[in-house]
Each structure stands twice: as structure tokens, then as C-alpha cells.
Amino acid sequence: MHRNASPNRIFIIAHAPLAHALRQCVLHVFPDGGEGVMALDVQPNVSPEETLASARIILQQQRGGGTLVLTDVFGATPCNVAQRLVDGVRSKLVTGVNLPMLLRTVTYRHEALDALVARAVVGGTQGVMQVAITAPQNQTRRKHDPEEHNHQQ
């Protein structure tokens, strides 16, 4: 596994207020993880050209290795802007960002950019699952169960 000398940057571009909200979630989990994690909220009243100009300014202000750009919805303005921003060599684009994806990318941002893309996709897809309801009050009582009552604390 190849590790970069300087960690990759992660740039979230999403519909307002999602990009900054996701960045705040990163800071909640990794209080020191904000360095190199950038966010741009795409506002409904700002043109794609203005948004692209803002994205370029944010990107130029940060140092680091490559850049993984994460957007929320394929085909929407944030993704369209990001497609114009990334070059495919020093930067890569993944759409469908969710919190599991983002946390995975922050955790492994020292890896090579292509490996980080794979980690992002796997983290995002593995983070989506149906969760079984196992709370005692939701379970059917069986004959051999004791007659005590279970209460959540």
C-alpha cells in the first residue's frame, strides 16, 4: 500500500447546507481532522460559474497531496461544478457522499489517491444497510422467556 508524503485533501461540494454540515460531523468525530477537509455549500441563487470560481479559490488555499472531491448527487450543480474542477490526475471525484464515506476518507487520506477513491466507494456503500430491530419491547415473547419485564434504561 502506497502512502503519500503529504495527505490528500478532501473537498466536499454539496447543496447548502450539506457540505459544511458534513465537515462539522468530521470535526465531531475527529476534533483535529479539520485540516485538509474543505467544504463548499452550493447556494441556489449562485451561478455554476461563480460556484466554480469559489471552488478554485478554496482549492488553491490548501496544501496537500491530491484532492478527493466528494459531491452529493450525480448530475446536479455541485457534481457538474466538481467535474469541471477535477483533472483526473491530481484530483478525483466521487458522488453520493454520505457520512460513512467521508469518515472513511478522512481515516485513510494518507493513502494513494486511487486507493482513497476505492475506500470512499466501499465506505459509502457499506454504510448503507437495514438495521434489525432488537429492542426487547419489539421482540415477540417466546414460551421459554421469563415473565420479567425488560425496560430500556
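The rules we used
- Residues numbered from 1 in each chain as written.
- Predicted model: local features only at pLDDT ≥ 70, side-chain atom pairs only at ≥ 80, totals over all residues.
- Heavy atoms only, no water.
- Pairing = 2+ DSSP bridges.
- Helix = DSSP H or I, 4+ residues; strand = E, 2+ residues; numbered from the N terminus.
- Axes fitted to C-alpha atoms, helices over the stretch in contact; angles between N-to-C directions.
- Contact = heavy atoms within 4.5 Å.
- Salt bridge = Lys/Arg side-chain N within 4 Å of Asp/Glu carboxyl O.
- Buried < 20%, exposed > 50% of the residue type's maximum accessible area, 1.4 Å probe, protein only.
- Lys, Arg positive; Asp, Glu negative; His and termini not counted.
- Polar contact = N/O pair within 3.5 Å; in protein donor to acceptor, adjacent residues only side chain to side chain.

A.B. asks: Explain the sheet that holds strand 1 (residues 9–15) to me, please; I cannot follow it from the model alone.
C.D. replies: In a beta sheet, neighbouring strands are held together by backbone hydrogen bonds and run either parallel or antiparallel to one another. If you walk across this open sheet you meet the 4 strands as 2-1-3-4, and the pairing is parallel. The open sheet terminates on both sides in strands that have one partner only, identified here as strand 2 (37–42) and strand 4 (91–95). The mean inter-strand angle of the sheet, taken between neighbouring strand axes irrespective of direction, is 20°. Relative to strand 3 (residues 67–71), strand 1 runs parallel, the two sharing 5 bridges. Within strand 3, the residue paired with Arg-9 across the bridge is Thr-67. Its contacts with the sheet put helix 1 (residues 18–29) on strand 1 and strand 2, and the angle it makes with strand 2 is roughly 155°. In the packing of helix 5 (residues 113–126) onto the sheet, contacts are made with strand 3 and strand 4, and the angle to strand 4 comes to roughly 5°.

A.B. asks: In this structure, what is going on with the pattern of salt bridges? I would like to understand it.
C.D. replies: For side chains of opposite charge, pairing can occur when their charged atoms come near one another. Summed over the entire model, instances satisfying the criterion amount to 4 salt bridges. A salt bridge links Arg-84 to Glu-49; the nearest nitrogen and oxygen atoms lie 3.9 Å apart. Of this pair, Arg-84 sits in helix 3 (residues 77–85) while Glu-49 sits in helix 2 (residues 48–61), and the two are 35 residues apart along the sequence. For Arg-84, a relative accessible area of 45% gives the class partly exposed. Residue Glu-111 is joined to Arg-119 by a salt bridge in which the shortest nitrogen-to-oxygen separation is 2.9 Å.

A.B. asks: Before we go on, may I ask you to explain the side chain of Arg-109 in this structure?
C.D. replies: Residue placement: Arg-109 occurs in the loop between helix 4 (99–107) and helix 5. In this structure Arg-109 is buried but unpaired, with Glu-35 as the nearest side chain of opposite charge at 5.4 Å. One polar contact links the side chain of Arg-109 to the main-chain carbonyl oxygen of Asn-8, over a distance of 2.6 Å. When residues no more than four places from it in sequence are discounted, the contact partners of Arg-109 are Pro-7, Asn-8, Arg-9, Ile-10, Glu-35, Gly-36 and Leu-116.

A.B. asks: I tried to follow the pairing of strand 2 on my own but got confused; where do I start?
C.D. replies: In regular strands, side chains alternate between the two faces of the sheet. Counting buried positions along strand 2 gives 6 out of 6 residues, so the element sits mostly inside the fold. Burial of strand 2 is two-sided: the residues Val-37, Ala-39 and Asp-41 facing one way and the residues Met-38, Leu-40 and Val-42 facing the other way are all buried. Summarising the sheet, strand 1 and strand 2 pair through 6 bridges and their orientation is parallel. Looking across to strand 2, one finds that Ile-12 is bridged to Ala-39.

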